[in-house]
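# Architecture and fold: a report
Residue strings, one per chain:
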Amino acid sequence: MISLVWAACFAVSVPLAILLALARRSNMRTLRLLAVGYIEFKRAIPMVAILCFATLILPMALPAGPVDRQDGTWN
């Protein structure tokens, strides 16, 4: 399962990074400004905040899965 998640993240992030890099070097002003704004916004957020959000806040926001975590039985 972890390998599948890793592969999916890699398959999305590499093309997105290449597109953002190309957009940042573009001659089209609007495209360049959008790319620079997105990149600088992501760079401004500390990684610790992202990790805390992912480990503490995100599990509370997502619905429960098919297995009840209290006793390990199926719902």
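Residues numbered from 1 in each chain as written. Predicted model: local features only at pLDDT ≥ 70, side-chain atom pairs only at ≥ 80, totals over all residues. Heavy atoms only, no water.

## Brief notes about the overall build of the chain
- Of regular secondary structure, the chain possesses three helices and zero strands.
- Sequence-ordered secondary structure for the chain, helices as α and strands as β, is α-α-α.
- Each of the 75 residues in the chain was classed as buried or not, and the buried ones make up 7%.
- Within the structure as shown, the chain displays about 6,800 Å² of accessible surface, and the carbon and sulfur contribution to it stands at 72%. (Helix = DSSP H or I, 4+ residues; strand = E, 2+ residues; numbered from the N terminus. Buried < 20%, exposed > 50% of the residue type's maximum accessible area, 1.4 Å probe, protein only. Areas by Shrake-Rupley, 256 points an atom, 1.4 Å probe, with all protein chains shown as cover.)

## Considerations on the packing of aromatic side chains
- Within the structure shown, the criterion is met by one aromatic pair.
- Between W6 and F10 the ring centres are 5.2 Å apart and the planes differ by 10 degrees, which places this aromatic pair in the stacked class. Of the two residues, W6 and F10 are both situated in helix 1 (residues 2–24); the distance of four residues between them amounts to about one turn of the helix.
- On the basis of relative accessibility, which here comes to 57%, the residue W6 falls in the exposed class.
- Look at F10 and you get partly exposed, because its relative accessible area is 45%. (Phe/Tyr/Trp six-rings, centres within 6.5 Å; stacked < 30°, edge-to-face > 60°.)

## Examining the side chain of S26
- Along the chain, S26 turns up in the loop between helix 1 and helix 2 (29–44).
- Leave out the neighbours within four places in its chain, and S26 touches L31 and R32. (Contact = heavy atoms within 4.5 Å.)

## Points about the confidence of the model for the chain
- In the predicted model, the chain carries a mean pLDDT of 86, and the fraction of residues at 70 or more is 84%.
- Ranking the elements of the chain by mean pLDDT puts helix 3 (residues 47–61) last with 86 and helix 2 first with 95. (pLDDT = per-residue confidence, 0-100.)

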